[in-house]
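Inside the fold
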Amino acid sequence: VQTVKDAVRRLKPLLPASVKVYLKIGDIDKNVFAHTMLVDQILTNLTENAAEAMPGGGDLKIELVQDDYDPVSVGIDPAYAPGRYVVLSVTDTGFGISKEETERIFEPYFTTKGMGESSGMGLAVVHGIVNDLGGHIRVESEPGSGSRFELFFPAIDDESV
């Protein structure tokens, strides 16, 4: 929880003033197995992409919740076990992503931006980190309606993490 709060506090001044950042943290009593730098990298990439998708400004909502999920019921890979997850969500009111692009956004070097505007590695890095931590990403987006990235991390009881 503190890691997310610290990352958002650090990132807010780096975003355009026209992007309003909202942070909501639910009741979290579990941890996830993730180094602070990894969480920071995830949030940096997702918030930068969100800000770029809102060139005229907009709302950026970051939410951290914990709940029991059945992967099939929330639309993620059924290979993941049902159980307690900590979910980090980043939602923007930007221009959104088409279904065709959404299917490719985690590919290295793929970008929805123009030539020379992006390396196409930000979301590939996020995807790699989340997978390495045993998590999964669900993306909801439509052109003109913004995007929502939900990162599901298995919750653990170990307080030393």
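Shown above is the structure to which this text applies.
In short, a report on the structure. Bear in mind the structure is a predicted one, so any value in this text is a computation, not a measurement. (Residues numbered from 1 in each chain as written. Predicted model: local features only at pLDDT ≥ 70, side-chain atom pairs only at ≥ 80, totals over all residues. Heavy atoms only, no water.)

1. Observations concerning the packing of aromatic side chains
Which entries qualify depends on this criterion: Pairing of aromatic side chains here covers Phe, Tyr and the six-membered ring of Trp, requires ring centres within 6.5 Å, and sorts the geometry by plane angle: under 30 degrees stacked, over 60 edge-to-face, intermediate tilted. Helix and strand assignments follow DSSP, with helices taken as H or I runs no shorter than four residues and strands as E runs no shorter than two, numbered in order from the N terminus. Buried, partly exposed and exposed residues are distinguished by accessible area as a fraction of the type maximum, computed with a 1.4 Å probe on protein chains only: under 20%, between the cut-offs, and over 50%, respectively.
With the rule as written, the count across this model stands at three aromatic pairs. Residues Y69 and Y85 carry aromatic rings whose centres are separated by 6.5 Å and whose planes lie at 65 degrees to one another, so their mutual orientation is edge-to-face. Linking Y69 in strand 2 (residues 58-69) with Y85 in strand 3 (residues 83-92), this pair joins segments that are 16 residues apart in sequence. Residue Y69 shares its accessibility class with Y85, and that shared class is buried. Each ring, one from Y85 and one from F152, has its centre 6.3 Å from the other, and the planes form 80 degrees; the classification is edge-to-face. Highlighted residues: Y85 in strand 3 and F152 in strand 5 (residues 147-154), separated in sequence by 67 residues. This pair shows no difference in class: Y85 is buried, exactly as F152 is. Feature note: the residues Y69, Y85 and F152 constitute an aromatic cluster, connected by ring pairs.

2. A word on the environment of P16
Of note, P16 is situated in the loop between helix 1 (2-11) and strand 1 (19-25). Along the backbone, P16 and S141 are 125 residues apart, and their C-alpha atoms lie at a distance of 22 Å.

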